[in-house]
Structures are given as structure tokens and as C-alpha cells.
Amino acid sequence: MAQDVHHSPLGKATEYVAEYAPELLFPIPRTAKWLELGIDPAALPFQGVDLWNCYELSWLTEKGKPVVAIGEFAIPAHSPCIIESKSFKLYLNSLNQTRFAGREALLEVLARDLSAAAGAPVAVRVRTLDEVAEEGVARPAGECIDELDIAIDHYGPPDAGLLRCDRQRVVSETLHSQLLKSNCPVTGQPDWGTVVIDYTGPALERAALLAYVVSLRMHGDFHEQCVERIYLDLKALLAPERLTVHARYVRRGGLDINPYRSTHPLTVDNRRLVRQ
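Source: prediction; values computed, not measured. (Residues numbered from 1 in each chain as written. Predicted model: local features only at pLDDT ≥ 70, side-chain atom pairs only at ≥ 80, totals over all residues. Heavy atoms only, no water.)

Caption draft 1: Focus on the overall build of the protein. When helices and strands are tallied, the protein shows six helices and ten strands. Relative to its length of 276 residues, the protein is compact, with a C-alpha radius of gyration of 19 Å against a globular reference of 19 Å. Summarising its shape, the C-alpha atoms of the protein cover approximately 65 × 40 × 35 Å along the three principal directions. Taking all 276 residues of the protein together, the buried fraction comes to 51%. Only carbon and sulfur atoms are counted for the fraction: they give 52% of the accessible area of the protein, which is about 12,900 Å². Side chains of the protein give 29 positive and 36 negative charges; the mean places of these two sets differ by 2 Å. (Helix = DSSP H or I, 4+ residues; strand = E, 2+ residues; numbered from the N terminus. Rg over C-alpha atoms; globule rule 2.2 N^0.38 Å. Buried < 20%, exposed > 50% of the residue type's maximum accessible area, 1.4 Å probe, protein only. Areas by Shrake-Rupley, 256 points an atom, 1.4 Å probe, with all protein chains shown as cover. Lys, Arg positive; Asp, Glu negative; His and termini not counted. Charge placed at Lys NZ, Arg CZ, Asp CG, Glu CD.)

Right, here's the structure in full:
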């Protein structure tokens, strides 16, 4: 059952549980934040997914031999709940001393438990280290705006009023910034990320966009909610023909979270970036 985030394990001392414990998962309803952002939960203005990558996934074979792998979990953006990240880590740790008949048995358990917590089907992949290593490290799509020589003195709250566009010039382009930073709303710890904006619409003023990205620097919100805020602010400004906003966040506790929000269906490249 979903609960208030302040009752979650975040910021609290927790005992390491090494055997299967699905009750550790802590769902957080999306509805309150959607309403705060002016989103009607019955008519979401985006499609998308939250992609989680786990670099500390381990379990035992039936003979007791440890296995290590990398997990990928795709939680639909329309799911009623997000899963609090520390509880996610604790749940995955509870598999460390748990025996499974094979990878398929593990996948079945992961999909069942995570789908129950999120309230919607969660797609799960478990890959070998070699499979992930062969993919290599990706570069963010599009042009980087971080080298613009501008003065900035606003670091929060997020200010959509900083955004500007040229309505006389319609473009299709992809821009990114490595300077995205926000803070955990419970612990205040920093969350670092790279934000990518792909759109067709009036041309964004890049200096204004960079100032806007930096205006989230001291803002407290979860990764998913920061991306939804950016998406909504850009959608309101541009009224674009198409728009996709995604962020690749630096991993914490062996997990990275990568929310994608878009006006249209997506094919997602889940290769990690250099900071991940």
C-alpha cells in the first residue's frame, strides 16, 4: 500500500536484510505531485517511462553459488506510484542470499513484486556484465549548451519565467545540459543529472534554457517530478509539435533513475552516460 514519503526508509538507519523481503518496497503515490503541477491524473499530458538500472544485483543459484548481474527496470510513467529508491535498494539487497532455480525464476519474482508496488506492469531485464560492457558508454544526444558564457544568480525555486523562444523560427533540434542538479526532498542530498530536450517548435533561446536548468539547482523533488516539471514548462512555452524531455541521473546506492516524458511513443537508448 502506498504511503507518505516521510514514513519511508530515506534518511533513517536501516538493517541490512539479506533474504527475500518484498515488503521492503515503499510505493509513493504520484497523484499529489501531479496535482501540484496542474496535471489531471485522468488525462496525463505525456507518455513515458522511468528506467532504473541496478549495478548491485546478486542472488544465489540452487547450489548456493552467487551470481552478479545488472538489472533494468522500466516503470510506466502512468503508474499510480513511484518506488522510493532506498526501499528499492533494500529490496534488491534482500535477494543476495536467496536461491533461485534460474534467471527466469528471478525475473518472474522481480516483475511480480515491482509491478505490485508501482501499480502497473514493470518490464524487467537482467543482463550479464559482458552484455552491458559491449554496449559501452554513450554521449548525450544533441548539442551541449553548457559552454555558454552567461551570468547566473538564481538557483531556486525553478523559474519557468526564465525561458524564452523565437516564435518566428521553428526548428527541430536536440539540446542537452550536464548541469542539472536537484536535491532529495527528504534528505536534502544532491541528485546530479544530464537533461536532454528534443523538440520541434519555436526555437528555444539557449542562454535562457541554461539559466532555467540551473534554477532547479537547489530545488527539492524526486527525479521523476523534476523531469515532469521541465517537460510541462517547455510544453507550455512552446506548444510544440513534438517534445521529449529525459534525464539520466548519476547512480546512488548502486541505482540510477532515468525518467523519460514525451508527447509521442519512445524508443529508449538505455546505454549509460559517463557519470553513470
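Caption draft 2: Representation of the environment of glutamate 19. Along the chain, glutamate 19 turns up in the segment before strand E1 (27–29). Residue glutamate 19 is classed as exposed on the basis of its relative accessible area of 56%. Remark: the alpha-carbon pair of glutamate 19 and alanine 101, spanning 82 residues in sequence, is separated by 15 Å. In contact with glutamate 19, not counting residues within four places along its chain, are Ser94, Gln97 and Thr98. (Contact = heavy atoms within 4.5 Å.)

Caption draft 3: Structural view of the nonpolar core. Counting residues in hydrophobic clusters, the biggest one holds 34 residues, and the most contacted among them are Ile197, Tyr199, Leu209, Leu234 and Val245. Counting only elements with at least two residues in this core, the list comes to strand E7 (165–183), strand E8 (190–204), helix H5 (206–214), helix H6 (223–238) and strand E9 (242–249). Top contributing element to this core by residue count: H6, with eight residues. Each residue touching isoleucine 197, except ones within four places of it in the same chain, is listed here: Glu173, Thr174, Leu175, Leu204, Leu209, Leu234, Leu243, Thr244 and Val245. Of all hydrophobic cores here, the second largest spans 27 residues; its members include Trp59, Ile75, Leu95 and Leu107. (Core = buried A, V, L, I, M, F, W, Y, C linked by side-chain atoms within 4.5 Å.)

Caption draft 4: Region of the structure containing unusual backbone geometry. Of the consecutive residues glycine 156 and proline 157, the connecting peptide bond is found in the cis state with omega at 0 degrees. Summarising the element assignment, proline 157 is placed in the loop between strand E6 (143–144) and E7. Phi is positive for alanine 239, close to 45 degrees, though the residue is something other than glycine. Within the secondary structure, alanine 239 is located in the loop between H6 and E9. You can call alanine 239 exposed: its relative accessible area is 63%.

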